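# Tertiary structure, described
Take a look at the letters that make up each chain.
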2 protein chains.
Amino acid sequence: LGAVPTSDSSLATLLEDGPSFRRILHANLETWKEARYRAVWLKIPTEHAALIIEAVREGFVFHHAETTHAVLVTWLPRLDLPTIAADWDRADSMTEAGAAAAERARLVQRAVEYVESTPLPANASHQVGVGCVVIHPRDAAASPRARPRILAVQERRGPLRGKGVWKMPTGLVGQGEDLADGAVREVLEETGVRTAFRGVVAIRHAHGALHDKSDMFYVCLLEALPQAGTAAGEDIPIEMQREELDACAWLDLAEYLDQERYRGSPLYTRINEAITAAVAGAGAAEAPMFVHSKLPYGYSYYKGSDCSLYHSSHLVPAPPPAVPV
Amino acid sequence: LGAVPTSDSSLATLLEDGPSFRRILHANLETWKEARYRAVWLKIPTEHAALIIEAVREGFVFHHAETTHAVLVTWLPRLDLPTIAADWDRADSMTEAGAAAAERARLVQRAVEYVESTPLPANASHQVGVGCVVIHPRDAAASPRARPRILAVQERRGPLRGKGVWKMPTGLVGQGEDLADGAVREVLEETGVRTAFRGVVAIRHAHGALHDKSDMFYVCLLEALPQAGTAAGEDIPIEMQREELDACAWLDLAEYLDQERYRGSPLYTRINEAITAAVAGAGAAEAPMFVHSKLPYGYSYYKGSDCSLYHSSHLVPAPPPAVPV
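Report on the accompanying structure. Here the structure is a predicted model, which is why all the values come from computation and not from measurement. (Residues numbered from 1 in each chain as written. Chains lettered and ligands numbered in written order. Predicted model: local features only at pLDDT ≥ 70, side-chain atom pairs only at ≥ 80, totals over all residues. Heavy atoms only, no water.)

What follows is about the relation of the copies chain B and chain A. Expressed as a screw operation, the relation of chain B to chain A combines 0.0 Å of axial shift with a rotation of 180 degrees, fitting to an RMSD of 0.0 Å. The superposition operator between the copies reduces to a two-fold rotation axis. Both copies present the same face, since 100% of the interface residues in chain B are matched by interface residues at the equivalent positions in chain A. (Least-squares fit on C-alpha atoms with pLDDT ≥ 70 in both. Contact = heavy atoms within 4.5 Å.)

Our next topic: the pattern of salt bridges. Enumeration according to the criterion identifies 42 salt bridges over all chains in this entry. A salt bridge links Arg57 of chain A to Glu54 of chain A; its shortest N-O distance comes to 4.0 Å. Comparing Arg57 of chain A with Glu54 of chain A shows no difference in burial state: the two are buried. For Arg185 of chain B, the salt bridge identified is with Glu189 of chain B, shortest N-O distance 3.4 Å. Taken as a pair, Arg185 of chain B and Glu189 of chain B lie in helix 6 (residues 179–191) at a separation of 4 residues, close to a single helical turn. Using a relative accessible area of 25% as the deciding quantity, one classes Arg185 of chain B as partly exposed. Within the structure, one salt-bridge network assembled from shared partners comprises Arg22, Glu54, Arg57, Glu58, Asp89, Asp92 and Arg104 of chain A. (Salt bridge = Lys/Arg side-chain N within 4 Å of Asp/Glu carboxyl O. Buried < 20%, exposed > 50% of the residue type's maximum accessible area, 1.4 Å probe, protein only. Helix = DSSP H or I, 4+ residues; strand = E, 2+ residues; numbered from the N terminus.)

Residue and element names in this part refer to chain B. Overall, antiparallel pairing links the 3 strands, which are arranged 1-3-2 in an open sheet. For this open sheet the edge positions go to strand 1 (39–45) and strand 2 (61–66), each flanked by a neighbour on one side alone. Each adjacent strand pair in this sheet contributes to an overall mean axis angle of 20 degrees, direction not counted. Examined bridge by bridge, strand 1 and strand 3 (residues 69–75) share 7 bridges and lie antiparallel to one another. Residue Leu42 lies in a different strand from strand 3, and its bridge partner there is Leu72. (Pairing = 2+ DSSP bridges. Axes fitted to C-alpha atoms, helices over the stretch in contact; angles between N-to-C directions.)

Residues and elements named next belong to chain A. With respect to the secondary-structure elements, Ala282 resides in the loop between helix 9 (266–281) and strand 10 (290–294). Its relative accessible area of 32% is what places Ala282 among the partly exposed residues. Placed 147 residues apart in sequence, Ala282 and Ile135 show a C-alpha to C-alpha distance of 9.5 Å.

This part covers the state of the cysteines. All names here are of chain A. Counted under the stated rule, the structure contains 0 disulfides over all chains. Not part of a disulfide, Cys132 finds its nearest cysteine sulfur in Cys220, a span of 5.8 Å. Accessibility expressed as a relative area gives 0% for Cys132, which makes it buried. (Disulfide = S-S within 2.5 Å.)

The next thing to look at is the environment of Glu34 of chain A. Residue and element names in this part refer to chain A. Following the sequence through the fold, Glu34 ends up in helix 2 (residues 18–34). The exposure class assigned to Glu34 is exposed, which follows from its relative accessible area of 71%. Placed 43 residues apart in sequence, Glu34 and Pro77 show a C-alpha to C-alpha distance of 9.3 Å.

Okay, the side chain of Thr74 of chain A next. Residues and elements named next belong to chain A. Structurally, the position occupied by Thr74 is in strand 3 (residues 69–75). Judged by its relative accessible area of 0%, Thr74 is buried. A polar contact is formed between the side chain of Thr74 and the backbone oxygen of Gly59, at a distance of 3.2 Å. Dropping the residues within four chain positions of it, Thr74 is found in contact with Leu29, Arg38, Ala39, Val40, Gly59, Phe60, Leu79, Val115 and Leu120. (Polar contact = N/O pair within 3.5 Å; in protein donor to acceptor, adjacent residues only side chain to side chain.)

If you want it as structure tokens, here you go:
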């Protein structure tokens, strides 16, 4: 709690006692404001959620939350601390529940508008998804299977359930997970097929996903890796994830692309054009997609973290440097 | 509150009274579990934050939060409601504050592990940023300014403050804002220069950004638009945002790229190679970048929302369809 040192056990007692917590928080805010601090972040573990309302009564609002905690924030420069405290006390003293609730909603609205007018960074805004076009190693030209085939699935849940539509394996990339790694993981989980990431074919940016977040969806090209025990010319075996999928198969790319659902969609018409061009050019330097360079030693703004670069295959990556920067 | 209809004023009273709220929530959870619901989402406005701990005591954990509200979630199938309630009552009855706090932390940890083992979608995982390479319209070949120039800025805040490093204008794309629109907006806000989006040059994916979110950063190519009152051959005027920037100028691209900070960085060495190739090829169909197609009438999984597609310039976009799909 900043300027007020507390022992662990007095802290535990304090965290049980909302009014004491609020009093100490208030005193600290005055100190920090005088010291010309600007932002105050307050991380409250889920088990101490009872303290959140005390912080709200001091002008804090949520910034974000994870399963284990909430993070609240306030911005000190123009915060009128005595007025805020008095306003909340007044709302508390109202005898009619509806009027008190309306007044509290107004006070929160005022704090929200204030915080949103500052340069404080917003909460995370996006989920990132991958759609995986997995090409089977090419069979000999003389074979009836010499045409490109991709891994196609039918979903067991969601809007496409039971409709017989073949789609590419899709999924969300995790926080802290690289895009290319996420694509390889999704294919492995859904189909048991090991793959190598080849490139980004296209990116679809859309809005209004779960809880109104935005959604960045990467159509990726991957190549199935030969599997131990599978002879050349044999299909790479599939182990379908039965909880999520109803069907999974190596499908002729032309058959996949020609599905009515895609032909009727301007978005999928273009995505499928991009897939066609990328599959045709796979392996060639001029393939019309972004290839992937992992930069384990690269300079990143976020120290201590790997980073990845996706760029045109026109650019041949330079060899990695010998020493960390 | 689902199965228990309440009038507005009785709801206001209920929202003041934690134990009543908890009792009704508990009864509803039993009903919903019997009815074989799986996920329960609970959206609690910031002004009613006092109720959050009541939901936590019934097995809920945070999913996410925005300034105005928190969203909690629980997953019913294997939730042992009587045990959870009894465990929390037991923690409340402990007389030693430290022991009670430890027990509550353990109960939350159990709920977190349970929720994270279910197929519930995670919180938003990414922020999305843009770096804007803005090229000045080409001067006549005979002019000493015929070499490509870009808009370069020096930041007033952050790690580069006062270091004399020229960088491209950068910023975060908002939730619900298209990438191309975000890039054009950032350049306008920081420099007053109106631009047209030309393409994505490269994508840098990194982790460990604010609050441990991941960061998807798009290096974009934009072209400055001629400005009313500016004659051909004259520089497009700049209106620098003084709160964020210390300097802003049209800089020779070669001079920009040759800065020591970039030459020493494996990441920026590659990004700068991509920028060089994209600027050299700007306008040509074979430019090594992803161009942008807005699909206002396109099919999107998220109905009612525009969406954008970024894809190789090898693919000439088809004309937009005449009618909404």
